[in-house]
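What the coordinates show
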Protein chains: 2
Amino acid sequence: MPPIGGWPRADVVAVVDVLRATTTIAALLAHGALSVTAVADERAARERARSEGSLLAGEVGGLPPPGFDLGNSPAAVGAASVRGRDVVLFTTNGTRALTQAAAGGATVIAAAAVNLGRCAAKLRDADAVIIACAGEQRGTAFALEDFAAAALLARALEPSPGARVLGDGARLARAIEDPLGLIGRSGHAETLRQLGLESDIAVATAIDRFPVVPVVVASGDGWARLVSS
Amino acid sequence: MPPIGGWPRADVVAVVDVLRATTTIAALLAHGALSVTAVADERAARERARSEGSLLAGEVGGLPPPGFDLGNSPAAVGAASVRGRDVVLFTTNGTRALTQAAAGGATVIAAAAVNLGRCAAKLRDADAVIIACAGEQRGTAFALEDFAAAALLARALEPSPGARVLGDGARLARAIEDPLGLIGRSGHAETLRQLGLESDIAVATAIDRFPVVPVVVASGDGWARLVSS
């Protein structure tokens, strides 16, 4: 992503990286972080955190690189460590997806299962929405967990008066059984279990556990700052 | 496609463009065409057909361009017109997918619902297989009908002794209801109906109607020749 020809027109783009970046962003803001700045490049994230005095969070290969204050683990986010702090986040796919979406001009939110209801309410107010899956390999490969979470969100929108499901991805979302259970059956969930991070899967599948809507309020080349709206 | 880093290693790649290129290729060979040469570029297809004395088939925007002998309509393939002939085929997405797959070195077959059982038997003999969806927009956008047909094929492989489903796409294939019915609920099926081509959808969803396995036997830059194996 973005697709060839750029993003289709939309008023709101909901970026989904349910394992784990958008889940972690909701957890950070729900625990009192002032802001989360998603940064697409690891070195740029380190420099921004140092210059701003922010906490540095994220992962490479699923684990926090040396010198990071926090990983990308929603289960490990505690109020004591993040309340009142700004956080800079770098992850392998999710932060790139957010910064690319932010470059498109629409309102961009970070959506996950933990904030499903609030995100759905936000999308219902818009005329045209895109649910964008972060995926794998810089957005070029399919990630089952993101599709499953996007399907939950698409289904949550369907009762809206006048809602029209147009894209083939949304049509498929209607046809799958147990989207929430699919998150834990993805290849990436297997990798997290092998890393001992199964508690993150439990948190990531807890519907409405962190009822905040992280929304991009400022962005530039390779970064996007989100606050709770 | 191909994905970043090229195709993963596989012994056989099954390319799926169920609406309609791979369905049409199976129909042409089942009706007695000697070969079908998929060509990625319209002008190159015209030149090849002229120089070889082949029939020229295909579509742009769903319909045969001026000067083409045949469209890309499996329902319109009749024995009288193609028996004993070589056919050159150009279509918007499917022929490009086939020629790109052929460049990867694996055995490449054209798979669809009309030849599902025979294709599954071919894949069961291989150690590692890829089912590649042609998709839309040169393979960068998701097409529900191709995913649905790929899901039928992936499910047909699962009873094999030792079969392991590893990719997230194949995991999702297990979780959808009525994959055959999804083909007709895709956006592209809607477009075909608007063009008056609903009979092609009926043919494309007729399981095992054309029990041939089109396999690539020669290829070069932007072309791949298939015969019935």
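Keep in mind it's a predicted model, so treat the numbers as computed, not measured.

With that settled, the discussion passes to the overall build of chain A. Secondary structure summary: chain A contains 10 helices and 8 strands in total. Taking all 229 residues of chain A together, the buried fraction comes to 53%. Restricting to contacts in chain A with at least 6 residues of sequence separation, those with at least 24 account for 74%. Between the mean site of the 21 positive side-chain charges and the mean site of the 23 negative ones, chain A shows a separation of 3 Å.

Now for helix 6 (residues 144-157) of chain B. All names here are of chain B. Helix length check: helix 6 (14 residues) gives 20 Å between terminal C-alpha atoms against 20 Å at 1.5 Å per residue, within 8%. In terms of burial, helix 6 is a largely internal element, 12 of the 14 residues being buried. Looking only at helix 6, the buried set comprises Leu 144, Glu 145, Asp 146, Phe 147, Ala 148, Ala 149, Ala 150, Ala 151, Leu 152, Leu 153, Ala 154 and Leu 157.

This next bit is on the nonpolar core. Judged by nonpolar contacts, the single largest core of 140 residues is most densely connected at Val 13 and Leu 172 of chain A together with Val 13 and Leu 172 of chain B. In this structure Val 13 of chain A touches Ala 101, Ala 106, Thr 107, Val 108, Ile 109, Ile 130 and Ala 132 of chain A, once residues within four positions along its chain are discounted.

This next bit is on the packing of helix 6 of chain B against helix 7 (residues 168-175) of chain B. All names here are of chain B. At a closest axis distance of 9 Å, the pairing of helix 6 and helix 7 adopts a crossing angle of 85°. With respect to helix 7, the element helix 6 is oriented roughly perpendicular. Contacts between helix 6 and helix 7 involve Phe 147, Ala 151, Ala 154 and Arg 155 from the first element and Gly 169, Leu 172, Ala 173, Arg 174 and Ala 175 from the second. Considered class by class, the residues forming the contact of helix 6 with helix 7 number 6 nonpolar, 1 polar and 2 charged.

So, about the confidence of the model for chain A. Chain-level pLDDT for chain A is 92 on average; 93% of the residues reach the 70-or-more range. For this predicted complex, the interface confidence score (ipTM) comes to 0.80, while the overall pTM stands at 0.85.

What follows is about the interface of chain A and chain B. Taken residue by residue, the interface counts 20 residues in chain A and 20 residues in chain B. Roughly 1700 Å² of surface becomes buried between chain A and chain B when both sides are summed, with 57% attributable to carbon and sulfur atoms. Where Arg 171 of chain A meets Glu 190 of chain B, a salt bridge forms, and the shortest distance between an N and an O atom there is 3.1 Å. Sorting elements by how many residues they give to the side of chain A that touches chain B places helix 7 (residues 168-175) of chain A first, with 5 residues.

In this section: the relation of the copies chain A and chain B. For the pair chain A and chain B, the best superposition has an RMSD of 0.0 Å and corresponds to a rotation of 180° with a translation of 0.0 Å parallel to the axis. As the rotation angle and translation indicate, the two copies are arranged about a two-fold axis. In terms of C-alpha distance to the rotation axis, chain A has Ile 176 of chain A as its closest residue, with the C-alpha 2.2 Å off the axis. Both copies share a contact surface, since 100% of the interface residues of chain A are interface residues in chain B too.

Residues and elements named next belong to chain A. Applying the stated criterion to the full structure yields 2 aromatic pairs over all chains. Aromatic side chains Phe 142 and Phe 147 sit 6.0 Å apart centroid to centroid with 45° between the ring planes, which places their arrangement in the tilted category. Taking relative accessible area as the criterion, Phe 147 reaches 9% and is therefore assigned buried. A cation over a ring is seen here: Arg 48 above Trp 223, with NZ or CZ 4.3 Å from the ring centre.

The residue after Leu 19 of chain A, namely Arg 20 of chain A, is reached through a cis peptide bond having omega 10°. In the Ramachandran plot, Asp 178 of chain B falls in the positive-phi region, its phi being about 50° despite a non-glycine side chain. Examined against the element boundaries, Asp 178 of chain B turns out to sit in the loop between helix 7 and helix 8 (179-183). Its relative accessible area of 45% is what places Asp 178 of chain B among the partly exposed residues. With a phi angle near 65°, Asp 208 of chain B is a residue other than glycine that sits in the positive phi range. Structurally, Asp 208 of chain B can be placed in the loop between helix 10 (198-204) and strand 7 (214-220).

Residue and element names in this part refer to chain B. Burial of strand 5 (residues 107-111) is extensive: 4 of the 5 residues sit out of reach of the surface. Examined bridge by bridge, strand 1 (residues 12-16) and strand 5 share 5 bridges and lie parallel to one another. When the bridges of strand 5 are listed, Val 15 appears paired with Ala 110.

Its location among the elements puts Thr 37 of chain A in strand 2 (residues 35-39). If we skip the residues at most four places from it in the chain, Thr 37 of chain A touches Arg 48, Val 87, Val 88, Leu 89, Trp 223, Ala 224 and Arg 225 of chain A.

Residue and element names in this part refer to chain A. With respect to the helices and strands, Asp 146 occurs in helix 6 (residues 144-157). Of the side chains with opposite charge, Arg 20 lies nearest to the buried Asp 146, which makes no salt bridge, at 10 Å. Ignoring sequence-local partners within four residues, the contact set of Asp 146 consists of Val 16, Asp 17, Val 18, Leu 19, Cys 133, Ala 134 and Gly 135.

Residue pairs three or four apart in sequence face the same way in an α-helix, which turns once every 3.6 residues. Those residues of helix 7 of chain A that fall on the buried side of the exposure criterion are Asp 168, Arg 171, Leu 172, Ala 173 and Ala 175 of chain A. Against helix 6 of chain A together with helix 6, helix 7, helix 8 and helix 9 (187-194) of chain B lie the buried residues of helix 7 of chain A.

Reading guide: rules and limits
Residues numbered from 1 in each chain as written. Chains lettered and ligands numbered in written order. Predicted model: local features only at pLDDT ≥ 70, side-chain atom pairs only at ≥ 80, totals over all residues. Heavy atoms only, no water. Helix = DSSP H or I, 4+ residues; strand = E, 2+ residues; numbered from the N terminus. Buried < 20%, exposed > 50% of the residue type's maximum accessible area, 1.4 Å probe, protein only. Contact = heavy atoms within 4.5 Å. Lys, Arg positive; Asp, Glu negative; His and termini not counted. Charge placed at Lys NZ, Arg CZ, Asp CG, Glu CD. Expected span 1.5 Å × (residues − 1). Core = buried A, V, L, I, M, F, W, Y, C linked by side-chain atoms within 4.5 Å. Axes fitted to C-alpha atoms, helices over the stretch in contact; angles between N-to-C directions. Parallel < 35°, antiparallel > 145°, perpendicular 65-115°, else oblique. Nonpolar A, V, L, I, M, F, W, Y, C, P; charged D, E, K, R; others polar. pLDDT = per-residue confidence, 0-100. Buried area = accessible area lost by both parts, 1.4 Å probe. Salt bridge = Lys/Arg side-chain N within 4 Å of Asp/Glu carboxyl O. Least-squares fit on C-alpha atoms with pLDDT ≥ 70 in both. Phe/Tyr/Trp six-rings, centres within 6.5 Å; stacked < 30°, edge-to-face > 60°. Lys NZ or Arg CZ within 6 Å of the ring centre and 35° of its normal. Pairing = 2+ DSSP bridges.

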